Amino acid sequence: MPAAKLGIIGGGVMGEALLSCLLSKGMHTPDSILVSDLSHERRQLLAEQYSIRTTHSNREVIEHSDVIVLAIKPQVFDSVARDFSGVVVDPPLVISILAGVAIARLEQAVPGWPVIRAMPNTPATVGCGMTAISIGSRAIAEHIDLAKQLFSAVGDVVQVAEPLLDGVTGLSGSGPAYVAIVIESLADGGVAAGLSRTTANKLALQTVLGTAQLLQKTGMHPAVLKDRVTSPGGTTISGIACLEELGLRSALIEAVRAASSRSRELGNQ
Ligand SMILES: NC(=O)c1ccc[n+]([C@@H]2O[C@H](COP(=O)([O-])OP(=O)(O)OC[C@H]3O[C@@H](n4cnc5c(N)ncnc54)[C@H](OP(=O)(O)O)[C@@H]3O)[C@@H](O)[C@H]2O)c1
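Residues numbered from 1 in each chain as written. Predicted model: local features only at pLDDT ≥ 70, side-chain atom pairs only at ≥ 80, totals over all residues. Heavy atoms only, no water.

Draft legend 1. Broad picture of the pairing of strand β8 (residues 155-159). Sheet analysis places strand β7 (residues 129-135) next to β8, joined by five bridges and oriented parallel. The residue of β8 that forms the bridge with Ile-133 is Gln-159. Crossover connection from β7 via helix α6 (residues 141-152) to parallel β8: handedness right-handed. (Pairing = 2+ DSSP bridges. Helix = DSSP H or I, 4+ residues; strand = E, 2+ residues; numbered from the N terminus. Right-handed = clockwise from strand over helix to strand, strands pointing away.)

Below, the structure is given as structure tokens:
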């Protein structure tokens, strides 16, 4: 069965990440993707690089797609929403990745149309993202499958109830920044221990990447892995004792909680 016609409104960082992974994984062909963007340069670049069709008209995307991904900044949502009014089509699925724009607001913009809200994170730009999706009142199983398939192109996908998206934002949304700080700090420690900056950066990055992959591939609980590399009276337990004393665990827990509650606050404004 041919892939559904995909329309992307906003061909920026996320829009491009999605279309490039869908194409490179063979989940879509260039002729099944239409992207609208205000910027002529952006449209030209996407058309040349991916051989897709682009347009300045959001209306054209809305009228010719089975699935529409909203990938504009939240600030321009109200103006883009006006492009939907009065359109007479067999309602396509609308998937929004706009941070902080609630399903109720999306459904108000496209009354009667199926809507799914998604929250990807930055590693999606290299196909290693974590996306959480929440389902609107009109979306059915077929739409949920479509959305899961779409975001599986840029990483892993989970489904959560909308109120939990604030927690998702605090963990996987903001998480890349926390992990970046962890990697940077590990490298700083390596430099303090006498390693060159280049070597320390490489060791820190590969240690985080390798550990994550080990946990993912084996399904091992993190505590089991920690116990396995901790020998009696050894180096690792000395390092861990230091982390516990300085409160790494509580710092991370509180960071996720603070970011989640900030997300809730911003959503209520
Ligand atoms: N980047 C991330 O890691 C990330 C993670 C999670 C969620 N998100 C969400 O993803 C959405 C897109 O983020 P992004 O980083 O991809 O932003 P972006 O790079 O700024 O992309 C948005 C694109 O939409 C274009 N645009 C602006 N107004 C438009 C209009 N009226 N009609 C059509 N296109 C229009 C912009 O053009 P101009 O530049 O010319 O204005 C730009 O090319 C945001 O809502 C954000 O909350 C992003």
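Draft legend 2. Local environment of the nonpolar core. Core analysis: the largest hydrophobic core is formed by 30 residues, its most contacted members being Ile-95 and Phe-151. Counting residues per element, the ones that place at least two in this core are β1 (6-9), α1 (13-24), β2 (33-36), α2 (40-50), β4 (67-70), β5 (93-96), β6 (115-119) and α6. With five residues, α1 is the single largest residue contributor to this core. When neighbours within four sequence positions are excluded, Ile-95 is seen to be in contact with Val-67, Ile-68, Val-69, Leu-70, Ile-116, Ala-118, Ala-147, Leu-150 and Phe-151. (Core = buried A, V, L, I, M, F, W, Y, C linked by side-chain atoms within 4.5 Å. Buried < 20%, exposed > 50% of the residue type's maximum accessible area, 1.4 Å probe, protein only. Contact = heavy atoms within 4.5 Å.)

Draft legend 3. Quick peek at the packing of helix α8 (residues 175-192) against helix α9 (residues 197-218). At their nearest, the axes of α8 and α9 sit 8 Å apart, and the two run at 135 degrees to each other. Relative to α9, the element α8 is oriented oblique. Crossing handedness for the pair α8 and α9: right-handed. Every residue of α9 that contacts α8 at Val-179, Ile-183, Glu-184, Leu-186, Ala-187, Asp-188, Gly-190 and Val-191 is listed here: Arg-197, Ala-200, Asn-201, Ala-204, Leu-205 and Val-208. (Axes fitted to C-alpha atoms, helices over the stretch in contact; angles between N-to-C directions. Parallel < 35°, antiparallel > 145°, perpendicular 65-115°, else oblique. Left-handed = near helix turned anticlockwise from the far one by under 90°.)

Draft legend 4. Highlighting the site of the ligand. Close to the ligand lie 19 residues, the nearest being Val-13, Met-14, Asp-37, Asn-58 and Ile-72. Between the ligand and Val-13 there is a distance of 2.9 Å, counted from an oxygen atom to a backbone nitrogen or oxygen. Here Thr-122 contributes a side-chain N or O atom positioned 3.1 Å from an oxygen atom of the ligand. Notes on the ligand: free accessible area 880 Å², of which the protein chains cover 76%. (Near = heavy atom within 4 Å. Polar contact = N/O pair within 3.5 Å; in protein donor to acceptor, adjacent residues only side chain to side chain. Areas by Shrake-Rupley, 256 points an atom, 1.4 Å probe, with all protein chains shown as cover.)

Draft legend 5. Representation of the domain arrangement of the protein. Looking at the protein, the domain boundaries give domain 1 (6-165) and domain 2 (173-267). For domain 1 versus domain 2, the separation of C-alpha centres amounts to 33 Å. (Domains from an automatic or database assignment.)

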